[in-house]
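Tertiary structure, described
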Amino acid sequence: MLLRNVFLLLLCLVAVSPSRADDGYRLWLKYDRIANAAERQGYVRVAQFVASPGNTPVLRAASAELTRGLGGLLGQAVPAVPSAGSRTGGIVLRVDAQASAAGQPLKAEGYRIFSEKNNLVITGRTDRAVLYGAFALLRQVQTRQPLAGLNLSSNPRIDFRMLNHWDNQNGTVERGYAGSSIWKWYELPERLDPRYTDYARANASIGINGVVINNVNASARYLSAEYIGKVAALAGVLRPYGQRVYLSVFWAAPKVLGGLATADPLDPQVKQWWAAKSDELYKAIPDFGGFLVKANSEGEPGPQDYGRNHADGANMLAQALGRHDGVVMWRAFVYKAGSDDRFKQAYEEFQPLDGKFDPKVLVQVKNGPIDFMAREPFHPLFGAMPKTPLVLEVQLTQEYLGFATHLVYLGPLIKEVLESDTYAKGPGSTVARVVDGSVDHHALSAIAGVSNIGSDRNWTGHPVGQANWYAFGRLAWDHELSPAAIAREWTRMTLTTEPAAVRTIADMLGQSRSIYVRYTMPLGLHHIMGESIHYGPQPWLAKAGRPDWTAVYYHKADSIGLGFDRTATGSNALALYKPEVQKQWGDARTCPLNYLLWFHHVPWTQKLSTGRTLWNELATRYYTGADSVLWLQKQWLAARPALDPALYADVAARLQTQRKEALWWRDACVLYFQTFARQPIPAPFAPPTRSLADIKQLVQLYQLK
Ligand code: BDP
């Protein structure tokens, strides 16, 4: 009897666990054995060993990744050897100060992969370049591209490719939805969680080379001797993977830590405090990257507290870095209470300072003028500060895009900003080219993504959040890549290589952001989400700590119409853009519908280019947007046979929540705006079955303490 039971139990176990459930920990670096034997053999012929004559920590990391990755993919050991000798059929890592591609010298981090005497050579001018080449070669195999005869080269278009962690010293993450911080400050510097290395590998695989490890709302603690030791330990893990560590700094640190009476940037003692602090940092971390600063923004202290401006503050820090090879990234996310239009404030404070910044300073600008909305016009500072290198900051953590609950692939959002034309130096002066320095010939260039990474086993909470980390890195390296191609690449590496499923999933990813916009803030609506938590709809929010934290400030619904007039008859924020851009958006009759309510107060009865009135179009978008979540569910179901069961179930469940919450958004917004438009829900859509009061109550729950 006992034996029979044991037998049955074993049978059950075999039946329910055909393979180890995919918990997402390995991200896109899965390296599972290629199932098709013939395909595998094709790779085996050209990847029999990895020869690495150089021996730096970075090259050792590259070689280890290749032996691990190829070993897994090919299902057999791929040994690392010091030199190829007379052997062929392997991979050779070569640092070559003269390395070039197509007759052009490679950049310091650019790589080339080519065939030589029946070996594949991965070369570049630095060991970091070779590391990036190693990951590129692995990507070829993971996405099943041929290796034989490969001739591939790539240069990064932007120098500093940064992840900004909004992680706090107490382990929480500001706007983090994937658990707590991955940094374990109380264990550092003695214990180095193995997860740090896997994090560094993932970053390196997509070309990220800088990590700001703490929140922009910074604690002074990180600048203490005790914490510098901890940060140095982390820097030691990231260094072999080509990543430098940066710190967000608390402006008043000289007071809090140094006991000074002031943090005035022009005070000699303050200057001296920062210079000594920089020396201390560089002694512990010789390749320390520099400082990120949020000052005089949302209550943070800053130079304006002493009657100085942002340039005074940033330049003082740049001078404190002195001879060290570091930079200051100074954020332009500032807005004051009481202005007629928050849209204009960063521009008004920063644009006049163009030309006043130290050469080591970059000004970091969010993609849009308000705050990481699901769709924003590009920030008017892009193209308006030709003498200052600008960092583009995008948000990967989905603060305003459904947390880790809604499936939203951000590749299209990031690309949309990069492709926007500022017309700063004529047509083609895109945000991408402003940021990569090519429009104004800057020596420094940088891009930053606010991280969506946390302690959840799968790193990002929503499995598709991984695609956002991935797409950010790939676009930071090369903004010419297409988000669709990146989605396919990520899907192949992470989920499945089955062609029909790859198409289905990439299609879902490609549509997901515009679906989200449709059921939350269509036609250019913005900032109508739940107060403080920024989750769910709250378009009726009329009272908050400040007027520009309400929803009514932005949508301006009244009996006549909807939207914020930012033309000359309104706040005139549109005038901050070049005339060509003003022309695109300035006339309500020709303004693209995606931006309409960003710039115009449009009558409810106004006919739009779709042939519908504003009210009918708005309702149609809310209804079709919410119903498109059903389409996402159908697609996901269609891909099911090609997916790991645990992963399938995880996303399927999140999609159910997404559908439910898309209906909240739809019902909340159509019922609320209907009180102004006073028109019926257009056919063929059925009016919501609940009342505005019902939905308010539901959403209000999220505001309860
Ligand atoms: C806002 C977030 C806030 C951040 C701020 C920032 O709600 O938590 O501190 O951005 O970027 O969107 O500084």
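Calculation criteria
- Residues numbered from 1 in each chain as written.
- Predicted model: local features only at pLDDT ≥ 70, side-chain atom pairs only at ≥ 80, totals over all residues.
- Heavy atoms only, no water.
- Helix = DSSP H or I, 4+ residues; strand = E, 2+ residues; numbered from the N terminus.
- Rg over C-alpha atoms; globule rule 2.2 N^0.38 Å.
- Contact = heavy atoms within 4.5 Å.
- Areas by Shrake-Rupley, 256 points an atom, 1.4 Å probe, with all protein chains shown as cover.
- Patch = residues over 30% accessible without salt bridge, like charges linked within 9 Å, V, L, I, M, F, W, Y side chains within 5 Å.
- Salt bridge = Lys/Arg side-chain N within 4 Å of Asp/Glu carboxyl O.
- Near = heavy atom within 4 Å.
- Polar contact = N/O pair within 3.5 Å; in protein donor to acceptor, adjacent residues only side chain to side chain.
- Nonpolar A, V, L, I, M, F, W, Y, C, P; charged D, E, K, R; others polar.
- Pairing = 2+ DSSP bridges.
- Axes fitted to C-alpha atoms, helices over the stretch in contact; angles between N-to-C directions.
- Buried < 20%, exposed > 50% of the residue type's maximum accessible area, 1.4 Å probe, protein only.
- Domains from an automatic or database assignment.
- Buried area = accessible area lost by both parts, 1.4 Å probe.
- Core = buried A, V, L, I, M, F, W, Y, C linked by side-chain atoms within 4.5 Å.
- UniProt positions renumbered as here; feature names shortened; annotations may be inferred.

Turning our eyes to something else, we now look at the overall build of the protein. Secondary structure assignment for the protein yields 21 helices and 18 strands. Radius of gyration (C-alpha) of the protein: 26 Å, near the 27 Å computed for a compact globule of 705 residues. Long-range contacts, defined here as pairs at least 24 residues apart, represent 73% of the contacts in the protein between residues at least 6 apart. Surface exposure of the protein reaches about 26,600 Å², of which carbon and sulfur atoms provide 54%.

Here the focus is a nonpolar patch on the surface. A surface patch of nonpolar side chains, amounting to about 330 Å² of accessible area, comprises Leu701, Tyr702 and Leu704. With respect to the element layout, Tyr702 can be found in the segment after α21 (692–700).

So, about the site of the ligand. Neighbouring the ligand are 14 residues, the closest being Glu174, Lys294, Arg331, Asp371 and Glu399. Interatomic distance of 3.0 Å between a side-chain N/O atom of Arg175 and an oxygen atom of the ligand. Summarising the interface, the protein chains cover 97% of the accessible area of the ligand, which totals 320 Å² for the free molecule. Residue composition of the shell around the ligand, by class: four nonpolar, two polar and eight charged.

On to the sheet that holds strand β14 (residues 361–366). The strand order around the closed barrel formed by eight strands is β9-β10-β11-β12-β13-β14-β15-β16, and the pairing between neighbours is parallel. Looking at each pair of strands side by side, their axes are set apart by 25° on average, direction ignored. Across four bridges, strand β12 (residues 290–293) lies against strand β13 (residues 327–331) in parallel orientation. Within β13, the residue paired with Leu292 across the bridge is Met329. Where helix α13 (residues 465–477) meets the sheet, it contacts β9 (160–164), β15 (390–395) and β16 (446–450), and its direction lies at approximately 160° from that of β9.

Quick look at the pattern of salt bridges now. Applying the stated criterion to the full structure yields 37 salt bridges. Residue Glu109 is joined to Arg128 by a salt bridge in which the shortest nitrogen-to-oxygen separation is 3.2 Å. Of this pair, Glu109 sits in the loop between β5 (104–105) and β6 (111–116) while Arg128 sits in helix α4 (residues 127–142), placing them 19 residues apart in sequence. Accessibility expressed as a relative area gives 8% for Glu109, which makes it buried. Taking the relative accessible area as the measure of exposure, Arg128 reaches 28% and is therefore partly exposed. One salt bridge connects Asp587 with Arg589, and the closest N-O pair in it is separated by 2.9 Å. Connected through shared salt-bridge partners, Lys184, Glu187, Arg191 and Asp193 make up one network.

As a further point, take the domain arrangement of the protein. As far as domains go, the protein holds domain 1 (26–154), domain 2 (160–494) and domain 3 (518–564 + 601–703). A C-alpha centroid distance of 31 Å is found between domain 1 and domain 2. At the junction of the two partners, domain 1 supplies 20 residues and domain 2 supplies 25 residues. For the pair domain 1 and domain 2, the summed buried area comes to about 2,100 Å², and 60% of that belongs to carbon and sulfur atoms. When the buried area of domain 1 at its contact with domain 2 is split by residue, Leu27, Trp28 and Arg139 rank highest and sum to 37% of it. Across the contact surface, domain 1 and domain 2 share three salt bridges.

Within the largest apolar cluster, 235 residues are counted, with the highest numbers of intra-cluster contacts made by Trp469, Trp636 and Phe673. Here the element with the most residues in this core is helix α20 (residues 645–677); it accounts for 16 residues.

Turning to the UniProt feature "domain: Glycosyl hydrolase family 67 catalytic" (unreviewed entry) in the protein, a few remarks are in order. UniProt records the feature "domain: Glycosyl hydrolase family 67 catalytic" (unreviewed entry) for residues 141–459 in the present numbering. As annotated, residues 141–459 comprises 25% helix and 13% strand, and the C-alpha atoms at either end are separated by 24 Å.

The subject of this paragraph is the pairing of β6. Alignment of β6 against strand β7 (residues 119–124), held across six bridges, turns out to be antiparallel. Paired with Ile113 across the two strands is Ile122, which belongs to β7. Where β6 folds back on β7, the antiparallel hairpin that results is connected by two residues, among which Lys117 adopts a positive phi of roughly 45°. Bridge count for β6 against strand β8 (residues 152–154) is three bridges, and the pairing is antiparallel. Across the sheet, Ile113 pairs through a bridge with Leu152, a residue of β8.

The next subject is the UniProt feature "domain: Alpha glucuronidase N-terminal" (unreviewed entry) in the protein. Under the feature "domain: Alpha glucuronidase N-terminal" (unreviewed entry), the UniProt entry names residues 27–137. For residues 27–137, the end-to-end C-alpha separation is 17 Å, with 35% helix and 23% strand making up the annotated structure.

In this fold, Tyr516 is placed in helix α15 (residues 499–520). Counting along the chain gives 77 residues from Tyr516 to Leu593, while the straight-line C-alpha distance between them is 16 Å. Look past the residues within four positions of Tyr516 in its chain and what remains in contact with it is Ala374, Tyr400, Leu401, Gly402, His406, Val408 and Met521. Here Gly402 takes part through its backbone nitrogen, which lies 3.2 Å from a polar atom of the side chain of Tyr516.

A few words on the environment of Gln304. Positionally, Gln304 belongs in the loop between β12 and α9 (310–321). For Gln304, a relative accessible area of 31% gives the class partly exposed. Linking Gln304 and Pro265, residues 39 residues apart in sequence, is a C-alpha distance of 9.6 Å. What Gln304 contacts, discounting residues up to four positions off in sequence, is Asn296, His310 and Glu349.

Moving on, we come to the sheet that holds β7. Picture the strands of a sheet paired through backbone hydrogen bonds; they go either parallel or antiparallel. In spatial order, the strands read β2-β1-β3-β7-β6-β8; together these six strands make up an open sheet with mixed pairing. Of all the strands in the sheet, just β2 (80–81) and β8 have a single pairing partner and so form its edges. Its contacts with the sheet put helix α3 (residues 57–74) on β1 (50–51), β2, β3 (91–95) and β7, and the angle it makes with β3 is roughly 165°.

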